[in-house]
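Each chain is listed here by its residues.
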Amino acid sequence: MRKLALLGSTGSIGIQTLDVVRGLCRGGDFPVSIQVLAARSSVKQLEEQIREFRPQAAAVFDEKAAKDLRDRTRDLDLEILPGMEGLCQAAAWDSADMTLNAVVGMVGLRPTLSAIAAGKTVALANKETLVAGGSIVMEAARQNKVEILPVDSEHSAIFQCLQGCPEKKAVKRLLLTASGGPFFGKTRKELEGVTPAQALRHPNWNMGAKVTIDSATLMNKGLEVTEAAWLFGLGPQDIQVVVHRESIVHSLVEYVDHSVIGQLGTPDMRLPIQYAITYPKRYPSPCGELDLAALGSLTFAQPDLETFRCLKVCLQALERGGLAPAAANGANEEAVALFLQEKIGFLEIPQLVEAAMLRQPDAPADSVEAVLQADREARQFVLENA
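In this report, we go over the structure that sits alongside the text. Every value quoted in this text rests on a predicted model; they were computed, and no experiment measured them.

Digging into the overall build of the protein
When helices and strands are counted, the protein shows 16 helices and eleven strands. A globule of 386 residues ought to have a C-alpha radius of gyration of about 21 Å, and the protein, at 20 Å, matches this closely. For the protein, the C-alpha atoms occupy an extent of roughly 55 × 50 × 40 Å along the three principal directions. Burial statistics for the protein: of 386 residues in total, 57% are counted as buried. Here the analysis covers contacts within the protein between residues at least 6 apart in sequence; of these, 69% occur between residues at least 24 apart. When the accessible surface of the protein is totalled, it reaches about 16200 Å², and 50% of it is carbon and sulfur. In the protein, which carries 39 positive and 47 negative side-chain charges, the distance between the mean positions of the two groups comes to 2 Å.

Section: the pattern of salt bridges
Between side chains of opposite charge, a pair can form as their charged atoms come close. Evaluated as defined, the whole model comprises 28 salt bridges. The closest approach of N and O atoms between Glu154 and Lys221, which form a salt bridge, is 2.9 Å. With Glu154 in helix H7 (residues 153-162) and Lys221 in helix H10 (residues 219-232), this residue pair connects regions lying 67 residues apart in the sequence. Here Glu154 falls in the buried class, since its relative accessible area comes to 10%. With relative accessibility at 5%, the residue Lys221 sits in the buried group. Salt-bridge contacts for Glu224 lead to Lys221; the nearest nitrogen and oxygen are separated by 2.5 Å.

As for the packing of helix H13 (residues 309-320) against helix H15 (residues 348-359)
One way to put it is that H13 packs onto H15 with a least axis distance of 9 Å and a crossing angle of 15°. Here H13 is positioned roughly parallel relative to H15, judged by the angle of their axes. In this structure, H13 crosses over H15, and the sense of that crossing is left-handed. Contacts between H13 and H15 pair Arg309, Cys310, Val313, Gln316, Ala317 and Arg320 from the former with Ile349, Pro350, Val353, Glu354, Met357 and Leu358 from the latter.

A look at the nonpolar core
Membership of the largest hydrophobic core comes to 129 residues, with the highest contact counts inside it found for Leu100, Leu174, Ile277, Phe346, Ile349 and Val371. A per-element tally of this core places helix H14 (residues 324-340) first, with nine residues. Contacts of Val371, omitting those with residues within four sequence positions, involve Met106, Leu109, Ala132, Gly133, Ile136, Leu323, Ala326 and Ala365.

A look at the sheet that holds strand E6 (residues 121-124)
The parallel open sheet is built from seven strands, whose spatial order is E4-E3-E2-E1-E5-E6-E7. A single partner strand is all that each edge strand has here, and the edge strands are strand E4 (79-82) and strand E7 (148-150). Geometrically, the sheet is characterised by an average inter-axis angle of 20° between neighbouring strands, direction not taken into account. The pairing of strand E1 (residues 2-7) with strand E5 (residues 98-101) spans four bridges and is parallel. Its bridge partner being in E5, Leu6 is matched across the sheet by Leu100.

Description of the packing of aromatic side chains
In total, this model carries six aromatic pairs according to the counting rule given. A ring pair is formed by Phe30 and Tyr283, whose centres lie 5.3 Å apart and whose planes are at 50°; its orientation type is tilted. Of this pair, Phe30 sits in the loop between helix H1 (12-27) and strand E2 (32-39) while Tyr283 sits in the loop between helix H11 (270-278) and helix H12 (292-295), placing them 253 residues apart in sequence. Judged by its relative accessible area of 15%, Phe30 is buried. For the ring pair Phe183 and Phe346, a centre distance of 5.3 Å and an interplane angle of 80° mean the geometry is edge-to-face. Placement of Phe183 in the loop between strand E8 (171-178) and helix H8 (196-199) and of Phe346 in the loop between H14 and H15 is noted, with a sequence separation of 163 residues between them. The exposure classification of Phe183 matches that of Phe346, with both residues buried.

Notes on the environment of Gln373
As for its position among the elements, Gln373 is in helix H16 (residues 368-385). Gln373 sits in the partly exposed class, given a relative accessible area of 35%. Engagement of the side chain of Gln373 in a polar contact is seen with the side chain of Arg376, the distance being 2.7 Å.

As for the sheet that holds strand E9 (residues 239-243)
Judged by pairing direction, the sheet is mixed, and its four strands sit side by side in the order E9-E8-E10-E11 without closing on themselves. Only two strands of the sheet have a single partner each, and these edge strands are E9 and strand E11 (260-264). Neighbour-to-neighbour, the strand axes of the sheet open up by a mean angle of 20°, direction not taken into account. Bridge count between E8 and E9: five bridges; the pairing is parallel. Note on E9: the bridge partner recorded for Leu174 is Ile239. The strands touched by H7 within the sheet are E8, strand E10 (249-255) and E11, with E10 carrying the most contacts at an inclination of about 40°. Where H10 meets the sheet, its contacts fall on E8 and E9, and the angle it forms with E8 comes to roughly 150°.

Rules and cut-offs
Residues numbered from 1 in each chain as written. Predicted model: local features only at pLDDT ≥ 70, side-chain atom pairs only at ≥ 80, totals over all residues. Heavy atoms only, no water. Helix = DSSP H or I, 4+ residues; strand = E, 2+ residues; numbered from the N terminus. Rg over C-alpha atoms; globule rule 2.2 N^0.38 Å. Buried < 20%, exposed > 50% of the residue type's maximum accessible area, 1.4 Å probe, protein only. Contact = heavy atoms within 4.5 Å. Areas by Shrake-Rupley, 256 points an atom, 1.4 Å probe, with all protein chains shown as cover. Lys, Arg positive; Asp, Glu negative; His and termini not counted. Charge placed at Lys NZ, Arg CZ, Asp CG, Glu CD. Salt bridge = Lys/Arg side-chain N within 4 Å of Asp/Glu carboxyl O. Axes fitted to C-alpha atoms, helices over the stretch in contact; angles between N-to-C directions. Parallel < 35°, antiparallel > 145°, perpendicular 65-115°, else oblique. Left-handed = near helix turned anticlockwise from the far one by under 90°. Core = buried A, V, L, I, M, F, W, Y, C linked by side-chain atoms within 4.5 Å. Pairing = 2+ DSSP bridges. Phe/Tyr/Trp six-rings, centres within 6.5 Å; stacked < 30°, edge-to-face > 60°. Polar contact = N/O pair within 3.5 Å; in protein donor to acceptor, adjacent residues only side chain to side chain.

The quantities given are spatial measurements derived from coordinates; they are silent on function.
In structure tokens, the structure reads:
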């Protein structure tokens, strides 16, 4: 039985994870027990999940919401864990053997480190953890002999492709596919008046608001390149982004003999979620079958780095290393929030991210405190210059 601590249970990935758990438990071959659930503030939805899955504890990042949940669940034998401390307790929950971190943003860094310190297998859907604190996280995982399993569809695809030839020296490059978001082919002029409602209309994936905006700016792909560099121990020169509008080829690995192995499937996040939970085994899933004949054709193109500058900025930050990726990530989180509130325009997001990244002094990301300080300063810069 898999004993799971699920962080971010009321978000898009969390909801789909619980759907995977239902399917696995119905099948009976790979039962999963939910030990602890965690959310930011969606108390009503979290209560419903608690009453269905009966975890031992629930963490709520918002302390006022945690008090509300405590009042709602007084009839249950349930421990309530408030605030960041509670989120870290949930990540390291004693009876869990895997922590699936699906929270959004920098808030996921400390819980990831808590899970690693407690020796839990980490299924990682929180890309900001590695973007901002990759050196710290990967070193902690090495020292604690903890396995980090990717949940993002692209990184899961690469992870699956590498099962065919896991020798690092045999890998020539990684090919990360990108849908291109809702504005593929648009010019900068055409993007000047883009509204949040338009940017939230992703053509293929059903995701949370922040991730969907990141997909529209291609920031999401920049974060994923950084994450891939840490997960698979490769440099930015060994990772290529390819726009693939159909979102059927989730990513590929090219080997030194120039053979290329790709992972294909319908655009359904439940597939990589389930693979992380059941790894190294496979079980029937709720995902639909892939019908290549019905698709007819698959297309690929180069990304437009000048129109969608967030990707270019992320690549520059990765080249610089140190705290530059943390600054870019923090600035982006703040800028996306302002855009969703209609306080800045769509094209101001990359402008603010680039400016915040460039003003970040060269310094190593050698402590959590240094990473969080870079994050805070980048956010403050965006607020002062928006």
